Amino acid sequence: MSGTGQHAGFSPANLPDHDLSRMLLDSLTTGVFGIDLAGRFTFLNQAATRLFGFDTAEAVLGKESHSVTCHANDLGIRYEGSECPIYRVMSTGKSLESGTDTFRRVDGSPFFAHLHAAPLRDGDGEVCGAVVAIEDITERLFRERTLAQYKAVFEAARDAIVLHDQRVIVHCNPSSVALFGAHAPTDLIGRHPGGCSPEFQPDGRPSREAADAYTKQALAEGSVAYEWLCQALDGRTFPSEVMLSRVDIPEGPILQAVIRDITDRQRAERALRRSESELAAAQEIAQLGNWAWDIASGTIAWSDEVYRIFGVQPANFSPNYSDFLRFVHPSDRERITTAIDHALSGPGDYDLEHRILRADGSQRTIHQRGRIVRDPTGRPLRMRGTVQDVTERRILEDQLRYERDLGERVLEGLPAIFFLLDAGGRPIRWNRNLETVIGVPADGIGGHRAIEAVDPADRHRVAAAIQKTLREGSGDVEAGLVSHNGWPIPYYFTGNRVELANEVFLVGFGVDLSERRRLELELARQASHDRLTGLYNRWKFEEALNLETERARRYGTAFSLVMFDIDWFKEVNDTFGHDVGDAVLQKMAAVVGQQIRRTDILARWGGEEFMILLSETGLEHATRLAEATRRRVAQADFPGPARLTISLGVTQYLQGETISTLLKRVDKAMYEAKQRGRDRTVAT
């Protein structure tokens, strides 16, 4: 009989709606199992079954759990029965959350685990077992030990080691603090990777752009080594040698830069170059190819580097002005001749980039500078200049431009909202999604504070989240974004503080939570309602009954229960089939639901049994309501048999009694109605 309210230990079958309970338990990634007072398994979900290495949960149900799992402390010393934390939960009736314990799988392999145990109680409040949630933390402990070892090496390294996440420095070792003249790591953390450098590198590249280029190369290739001009916090600059490596962690790749000051090494190299002046001059020329053009004769002298850039051998080629123009890309030839003519007739200098086609047909991009040498009368005699092959740099610049354009397209293509706020909380960049959602064109967004687009009820929290993000580096908040139709849409906003050109900004994203909220509400409804009839399920009804009982005990109010059962329902299933039986249950829920008051609670108790909670109602009035319900059912048309009857039991809550006693009494009244011939109401 389903209405006794008695418990015989804990198992998913005792839970309301067994299928739903089993589904919920098996959907958990955390292992969950139950034991009785003798320590025997009463149930295991799928996660616990896999964790212990059992083939099936049924294979170990009823077995003594302590001997099977070899539960031990963090030192591997097995607990005796009375000392086992799980057993103490049952003996003390108090929940437990342990630190680190060890268990063994069925194959004997050990694992570290974190567990939480809570006592289970029967209907009279007596402890009848325990339910345990267990999580394998072996891998996490191994990662923590590995991290500790790395940290020891990190802290003791003589070279400066800096970690950054492609945007800002996130950590650095003591050698980094000393190298850059900082007082503490916090003086460096939060800076752009290129921020500990002068504005430009010796080759003329902006330090931040160059740092970003090396970052991309390290992410793509795993590591990259290069020389770099650093700047200490006191403004002092020094050359360094950098090994930048990608480090893959679960949260995503980060970059590790090992930095070594090479001031002494470069000083020695400069001393060597000074002592070998001819070699130093040759090396200086080797950085850029140089050339000289005798205007009168038309002959041109190229350095070896220029021959290399143009892809010809000095022994096989004697350049002149016409030969040079033949190397120039046809699309750039007019621009070159115009620049040279202007230099000859004007100020005497030119500086431009253009393409050349080498002898082997390959294309290169060169940066060329030229200067006119004139005689005392101002007549041009010679032109001297340099040629630098900038093909790779242009390729990199084109790549950076492409990636920047790609980034813009990605931001516009995101399903999320993107925004960039200044330190005052005003948007300065955003994607079209924001304009679409709030229904405001671009010229109506700029200059306004971001919180003006937020639901007024959430503005205080959003303003606080913006300030927290700008202050601490990151933050998040859930809030309503007022849509173009005036209704707030729930969004989850995340933001990070960034520094650009020595200014602080907040870059953030917003994700629409509408669908997730809808799914959460639907899951909550499914957990509390019977799937067939749509009524409260037994679990939800017991929750409401507990609340009503507590209210009655506190304020002395009255309430009653009505329990009814469909007469001869088995014959309906046997005669017409279970599909018709299900339709009868649905129709019964609809008929009775229309009959009871709005304040009453109707629930499917189990099978063909239903329960009604009548708040603020004594026995006499409850009996009249039950009898009216019986007559209404008898007059209704049902699928299959057309006419059906119900047997009802009615009882009123008595001050001081337990819910178990109340349920037994109403159950007994209903069965007395059946024994008296069915289709009747019995009150007790």
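1. Side note on the overall build of the protein
Now for step 1: Scanning the protein from terminus to terminus reveals 21 helices and 26 strands.
Now for step 2: Against the globule reference of 26 Å for 684 residues, the protein gives a C-alpha radius of gyration of 41 Å, more extended than a compact globule.
Now for step 3: Along the first, second and third principal axes, the C-alpha set of the protein runs to 135 × 65 × 50 Å.
Now for step 4: Residues counted as buried form 40% of the 684 residues belonging to the protein.
Now for step 5: Carbon and sulfur atoms form 52% of the exposed surface of the protein, whose accessible area is close to 36,900 Å².

2. A closer look at helix α17 (residues 538-555)
Now for step 1: Relative to the 26 Å expected for 18 residues at 1.5 Å per residue, α17 spans 25 Å between its end C-alpha atoms, a close match to the ideal helical length.
Now for step 2: Taken as a whole, α17 has its buried residues at Phe541, Ala544, Leu545, Glu548, Thr549 and Ala552. All buried residues of α17 lie within an arc of 140° about the axis, which places them on one face of the element. Turned more than 90 degrees off the buried face of α17, the exposed positions are Leu547 and Arg554.
Now for step 3: Lining the buried residues of α17 we find β22 (559-566), β23 (601-606), β24 (609-615) and α21 (659-675).

3. Quick look at the pattern of salt bridges
Note on pairing: side chains with opposite charge can pair once their charged atoms come close.
Now for step 1: A complete count under the given rule lists 41 salt bridges for this structure.
Now for step 2: Glu227 serves as the salt-bridge partner of Arg265, at 2.7 Å between the closest nitrogen and oxygen. With a gap of 38 residues between them, Arg265 in helix α8 (residues 263-275) and Glu227 in strand β9 (residues 223-231) connect regions that are remote in the sequence.
Now for step 3: Among the residues examined, Arg265 registers a relative accessible area of 33% and is labelled partly exposed.
Now for step 4: Judged by relative accessible area, Glu227 falls into the partly exposed class, the value being 45%.
Now for step 5: Note that Arg604 is salt-bridged to Asp530, the shortest N-O span being 3.3 Å.

4. Some remarks on the sheet that holds strand β17 (residues 417-421)
Sheets are built from strands that pair by backbone hydrogen bonding, the pairs being arranged parallel or antiparallel.
Now for step 1: Across the sheet, five strands lie side by side as β18-β17-β21-β20-β19; this open sheet has antiparallel pairing. Unpaired on one side and paired on the other, β18 (427-430) and β19 (474-482) mark the two borders of the sheet. Along the sheet, successive strands turn relative to each other by an average axial angle of 30°, direction set aside.
Now for step 2: Inspection of the sheet shows β19 paired to strand β20 (residues 488-500) by nine bridges, in the antiparallel sense.

5. Side note on the packing of aromatic side chains
For any two aromatic rings, the description comes down to two numbers: the centre-to-centre distance and the angle of the planes.
Now for step 1: Taken as a whole and assessed by the stated rule, the structure comprises 26 aromatic pairs.
Now for step 2: Ring geometry for Trp302 versus Phe327: centroids 6.2 Å apart, planes at 55°, classification tilted. Taken together, the residues span a long stretch of sequence, with Trp302 in strand β13 (residues 300-302) and Phe327 in helix α11 (residues 321-327) at a distance of 25 residues.
Now for step 3: The exposure class assigned to Trp302 is buried, which follows from its relative accessible area of 11%.

6. A closer look at unusual backbone geometry
With the exception of glycine, the majority of residues adopt a negative phi angle, and the majority of peptide bonds are in the trans configuration.
Now for step 1: Phi angles above zero are rare outside glycine, and Cys70 is one such case at about 55°.
Now for step 2: Relative to the helices and strands, Cys70 is located in the loop between α3 (65-69) and α4 (85-92).
Now for step 3: Exposure remark for Cys70: the relative accessible area of 24% places this residue in the partly exposed category.
Now for step 4: Phi angles above zero are rare outside glycine, and Trp568 is one such case at about 55°.
Now for step 5: If you trace the backbone, Trp568 turns up in the loop between β22 and α18 (569-576).

7. Considerations on empty space enclosed by the protein
Now for step 1: Under the definition given, this model contains four cavities of 30 Å³ or more.
Now for step 2: Counted as a void, the largest cavity has a volume near 230 Å³.
Now for step 3: As for the largest cavity, its lining consists of 19 residues, of which Pro193, Tyr226, Trp228, Ala257 and Ile259 are closest to the centre.
Now for step 4: Among the elements of the structure, β7 (160-164), α7 (207-221), β9, β10 (237-249) and β11 (252-261) are those that each provide at least two residues to the lining of the largest cavity.
Now for step 5: Here the lining of the largest cavity is built from residues that sort into 13 nonpolar, six polar and no charged.
Now for step 6: Counted as a void, the second largest cavity has a volume near 110 Å³.
Now for step 7: Counting residues per element, the ones that place at least two in the lining of the second largest cavity are β12 (289-294), β13, α11 and β16 (380-389).
Now for step 8: Looking at the lining of the second largest cavity residue by residue, the class counts come to 11 nonpolar, one polar and no charged.

8. Digging into the packing of α17 against α21
Now for step 1: Contact geometry of α17 with α21 gives a least axis separation of 11 Å together with a crossing angle of 110°. Of the possible angle classes, the one that applies to α17 and α21 is roughly perpendicular. When the axes of α17 and α21 are compared, the crossing they make is right-handed. Contacts from Leu545, Asn546, Thr549 and Arg553 in α17 reach Ile659, Leu662 and Leu663 in α21.
Now for step 2: For the contact of α17 with α21, the class distribution of residues is four nonpolar, two polar and one charged.

9. Points about the state of the cysteines
Now for step 1: Applying the stated criterion to the full structure yields zero disulfides.
Now for step 2: No disulfide involves Cys172; its sulfur sits 8.6 Å from the nearest other cysteine sulfur, which is in Cys196.
Now for step 3: Not part of a disulfide, Cys230 finds its nearest cysteine sulfur in Cys196, a span of 7.6 Å.
Now for step 4: A residue is classified by how much of its surface remains accessible, and Cys230, at 2% relative accessible area, is buried.

So, how was this worked out
- The residue count restarts for each chain, going from 1 along the sequence in the order it is written.
- Totals for whole chains, interfaces and linings use all residues, but because this is a predicted model, local features are given only for residues with pLDDT of at least 70 and pairs of side-chain atoms are given and counted only at 80 or more.
- Only hydrogens and water are set aside when side-chain values are computed; all heavy atoms of the structure are taken into account.
- Only DSSP runs of H or I covering at least 4 residues are called helices, and only runs of E covering at least 2 are called strands; the numbering of each starts at the N terminus.
- Each radius of gyration reported is based on C-alpha atoms, and the globular scaling rule is 2.2 Å times the count of residues to the power 0.38.
- For every residue, the accessible area (1.4 Å probe, protein chains only) is compared with the maximum for its type, and the residue is labelled buried under 20%, exposed over 50%, or partly exposed between those bounds.
- Only the protein chains shown count as cover for residues, and all accessible areas are computed by the Shrake-Rupley method using a 1.4 Å probe.
- The span you would expect from a helix comes to 1.5 Å times its residue count less one.
- Here the arc refers to the set of directions running from the helix axis out to each C-beta atom.
- Contacts are assigned to residue pairs with any non-hydrogen atoms lying within 4.5 Å of each other.
- Salt bridge, as used here: a side-chain nitrogen of Lys or Arg that lies within 4 Å of a carboxyl oxygen of Asp or Glu.
- Whether two strands pair comes down to DSSP finding at least two bridges between them.
- The convention used is that axes are lines fitted to C-alpha atoms, helices contributing only their stretch in contact, and that angles between N-to-C directions extend from 0 to 180 degrees.
- Between 30 and 60 degrees the pair is tilted, below 30 it is stacked and above 60 it is edge-to-face, where a pair is any two Phe, Tyr or Trp rings, Trp via its six-membered ring, whose centres lie within 6.5 Å.
- Using a 1 Å grid laid over the protein atoms alone, points where a 1.4 Å probe fits but cannot get out form a cavity; open sets with protein on both sides within 12 Å along at least 5 of 7 lines form a pocket; any residue with an atom within 4 Å of a point counts as lining.
- Grid points are joined across faces, edges and corners, and a volume is the space filled by probe spheres set on the points.
- Charged means Asp, Glu, Lys or Arg here, nonpolar means Ala, Val, Leu, Ile, Met, Phe, Trp, Tyr, Cys or Pro, and polar covers whatever is left, Gly included.
- Roughly parallel refers to an angle under 35 degrees, roughly antiparallel to one over 145, roughly perpendicular to one between 65 and 115, and oblique to any angle outside these ranges.
- By definition, turning the near helix anticlockwise from the far helix through less than a right angle yields a left-handed crossing, and turning it clockwise yields a right-handed one.
- A pair of cysteine sulfur atoms is labelled a disulfide when the two atoms are within 2.5 Å.

Don't take any of this as a statement about function, it's just geometry.
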